Amino acid sequence: MTARILPPSVPNIALAAEEIRRGQVVAIPTETVYGLAGAAFNKSALIKIFEVKERPSFDPLIIHVPISNLERLAGMGLIDLDQLSGAARQRAEGLAQAFWPGPFTLVLPKQPAVPDLATSGLPTVALRMPRHPVARAVIEQSGTPLAGPSANRFGRISPTSAQDVLEELGDRIAYILDGGCSEVGLESTVISIDYSGALVLLRPGAISASEIERVAESPVHLPSEQAASISGAPRPRSPGRLEQHYAPQKPLYLLPAPLTALAQSDSLSCSGASGLPEELPSHLGLLVVSGDAGTAAAKLARLTGREITAKSLSSKGDLEEAARNLFSALRSLDTSAAQLIFAERSTVHEGLGYAINDRLRRASVTKPMLE
Ligand code: TXA
Ligand code: MG
């Protein structure tokens, strides 16, 4: 099978919806990344999603919904609001109203009708209402909520264009709806809420923890912080948040500091703690978050004496632009002649800078060098 990339015309959207009603899976654009959509209550569609992605069954899916009203989502058999205290329910409703449609996913107690396959047997389900008009049209016309993981093979870089999906899954699915390049470029922020209303950030994204705290009027915990605050309790499960994820095929190393701050003495060819090979290969890839790619390449060439292929995520240092370009830059370095990639991290440690650094850390083979 070779997938066809379809422009998002009215008949093509109707075709995608029809395929989904028949239990097939179709790649669709969203504002974050492209998703592989299938009917959320259809077990054979869910099995197809896991097979096509080669995704392990312990990694639960996000379900894409057509509305932001939690009571109506409960009426659709998705979530069980009785398992939340009154305050938690109000908080969840406030978050859904504030951030949907958009790059925001809420993990809530599920109803038994949601197949265990979709949630990997967890008592909770992750919901998101996307804002991309093509995604919304497909959800509405299929007449069902859609399970939709990112449309990449498991462990690979998420796709931000129809062409990326073709490279990832072109031999396994029939249709890819083309909605242009993803506007955000990073997967949605994932937040869980428990009975008492406590919020845990399971995945950083474009909606920042501080924006969420402002709306919820409550702190957002990181998984490890929450574990620390409940003495003796095990780490809360954030399945699918495997340490290494989003990986390019070439080894990627995080630079210990912005390239401009690196000196000759910060040897980039030492092995040992950094895990770098004894001798650097002849051609290096370089990813910088901001500034001019040519200047960065020249600096790394001076430091290493190697040939460099460099990508800058945003020459003017705009974080939204950087997020939008991150995955396509990683893909292009991965297919370049470079044998090893160095990546600079964002110096901004909240919001999009934090989310970009999270993805870079997961793409890297080691913890930051020289730290
Ligand atoms: O932006 C996005 O969220 C994209 C687009 C296509 O909507 N989707 C996406 O799906 O990134 P996926 O499957 O690649 O990532 C889903 C994340 C995983 O980290 C998974 O562990 C988490 O959501 N997740 C899903 N259900 C969960 C649950 N019940 N509890 C905790 N985490 C959950
Ligand atoms: Mg994914």
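Keep in mind it's a predicted model, so treat the numbers as computed, not measured.

Novice: Outline the environment of Thr 335, supporting the account with residue identities and numerical values.
Specialist: Topologically, Thr 335 is positioned in helix 11 (residues 319–335). Judged by relative accessible area, which is 68%, Thr 335 ranks as exposed. Residues Thr 335 and Gln 249, spaced 86 residues apart in sequence, show a C-alpha to C-alpha distance of 8.8 Å.

Novice: Provide a residue-level description of the pattern of salt bridges, including the pertinent values.
Specialist: Evaluated as defined, the whole model comprises 21 salt bridges. Between Glu 93 and Arg 89 there is a salt bridge, with its nearest N and O atoms 3.5 Å apart. Within this pair, Glu 93 and its partner Arg 89 are both found in helix 4 (residues 86–99), separated by four residues, close to a single helical turn. Given the relative accessible area of 25%, Glu 93 is considered partly exposed. Since its relative accessible area comes to 24%, Arg 89 is described here as partly exposed. With a closest N to O distance of 3.8 Å, Arg 361 and Asp 358 form a salt bridge. Residue Arg 361 and its partner Asp 358 are located together in helix 12 (residues 351–363), separated by three residues, close to a single helical turn. Arg 361 sits in the partly exposed class, given a relative accessible area of 28%. Salt bridges sharing common partners tie together Arg 153, Arg 156, Asp 164, Glu 167, Glu 168 and Arg 331.

Novice: Break down the environment of Ser 150 for me, citing the residues and quoting the values.
Specialist: Relative to the elements of secondary structure, Ser 150 occurs in the loop between strand 7 (146–147) and helix 7 (162–169). Counting along the chain gives 121 residues from Ser 150 to Pro 29, while the straight-line C-alpha distance between them is 9.8 Å. Apart from the residues lying within four places of it in its own chain, the contact partners of Ser 150 are Val 33, Tyr 34, Gly 35, Leu 36, Lys 53, Ser 158 and Pro 159. A polar side-chain atom of Ser 150 sits 2.6 Å from a polar atom in the side chain of Asn 152.

Novice: An account of the packing of aromatic side chains is needed here, citing residue identities and associated values.
Specialist: Describing an aromatic ring pair means giving the distance of the ring centres and the angle of the ring planes. The final tally for this structure, using the stated rule, is two aromatic pairs. Note on Tyr 253 and Phe 342: the rings are 6.4 Å apart at their centroids and 55 degrees apart in plane angle, and the pair reads as tilted. Taken together, the positions of Tyr 253 in strand 12 (residues 252–254) and Phe 342 in strand 15 (residues 340–343) put the pair 89 residues apart, joining distant regions of the chain.

Novice: How would you explain the packing of helix 4 against helix 8 (residues 209–216) if you had to name every residue and give the values?
Specialist: Contact geometry of helix 4 with helix 8 gives a least axis separation of 9 Å together with a crossing angle of 125 degrees. As the angle between them shows, helix 4 and helix 8 are arranged oblique. With respect to the hand of their crossing, helix 4 and helix 8 are arranged in right-handed fashion. Residue-level contacts link Arg 91, Gly 94, Leu 95, Ala 98 and Phe 99 of helix 4 to Glu 211, Ile 212, Val 215 and Ala 216 of helix 8.

Novice: Could you give me a rundown of the sheet that holds strand 15, with the residues and numbers involved?
Specialist: The strand order across the open sheet built from four strands is 12-15-13-14, with neighbouring strands paired in parallel fashion. Sheet topology places strand 12 and strand 14 (307–312) at the edges, where each strand pairs with a single neighbour. Each strand axis lies, on average, 25 degrees off the axis of its neighbour in the sheet, ignoring direction. Sheet analysis places strand 12 next to strand 15, joined by three bridges and oriented parallel. Residue pairing across strands places Tyr 253 opposite Phe 342, the latter belonging to strand 15. On the sheet, helix 12 packs against strand 12, strand 13 (283–288) and strand 15 and is oriented at approximately 130 degrees with respect to strand 12.

Novice: Explain the pairing of strand 13 residue by residue, including any values.
Specialist: With six of six residues buried, strand 13 lies mostly within the body of the structure. Here strand 13 shows no split at all, with His 283, Gly 285 and Leu 287 on one side and Leu 284, Leu 286 and Val 288 on the other all buried. Across six bridges, the pairing between strand 13 and strand 14 is parallel. For Leu 287, the partnering residue across the bridge sits in strand 14 and is Lys 311. Handedness of the crossover joining strand 13 and strand 14 through helix 10 (residues 293–304): right-handed. Of the pairings in the sheet, the one linking strand 13 to strand 15 comprises four bridges and is parallel in character. When the bridges of strand 15 are listed, Leu 284 appears paired with Leu 340.

Novice: Please provide a residue-by-residue account of helix 7, values included.
Specialist: Among the residues of helix 7, those classed as buried are Ala 162, Asp 164, Val 165, Glu 168 and Leu 169. For helix 7, the buried positions fall inside an angular range of 150 degrees around the axis, keeping them on one side. Among the structural elements, strand 1 (4–6), strand 2 (26–28), strand 3 (35–39), helix 2 (43–53), strand 8 (175–177) and helix 11 are those in contact with the buried residues of helix 7.

What counts and what doesn't
Residues numbered from 1 in each chain as written. Chains lettered and ligands numbered in written order. Predicted model: local features only at pLDDT ≥ 70, side-chain atom pairs only at ≥ 80, totals over all residues. Heavy atoms only, no water. Helix = DSSP H or I, 4+ residues; strand = E, 2+ residues; numbered from the N terminus. Buried < 20%, exposed > 50% of the residue type's maximum accessible area, 1.4 Å probe, protein only. Salt bridge = Lys/Arg side-chain N within 4 Å of Asp/Glu carboxyl O. Contact = heavy atoms within 4.5 Å. Polar contact = N/O pair within 3.5 Å; in protein donor to acceptor, adjacent residues only side chain to side chain. Phe/Tyr/Trp six-rings, centres within 6.5 Å; stacked < 30°, edge-to-face > 60°. Axes fitted to C-alpha atoms, helices over the stretch in contact; angles between N-to-C directions. Parallel < 35°, antiparallel > 145°, perpendicular 65-115°, else oblique. Left-handed = near helix turned anticlockwise from the far one by under 90°. Pairing = 2+ DSSP bridges. Right-handed = clockwise from strand over helix to strand, strands pointing away. Arc of directions from axis to C-beta.

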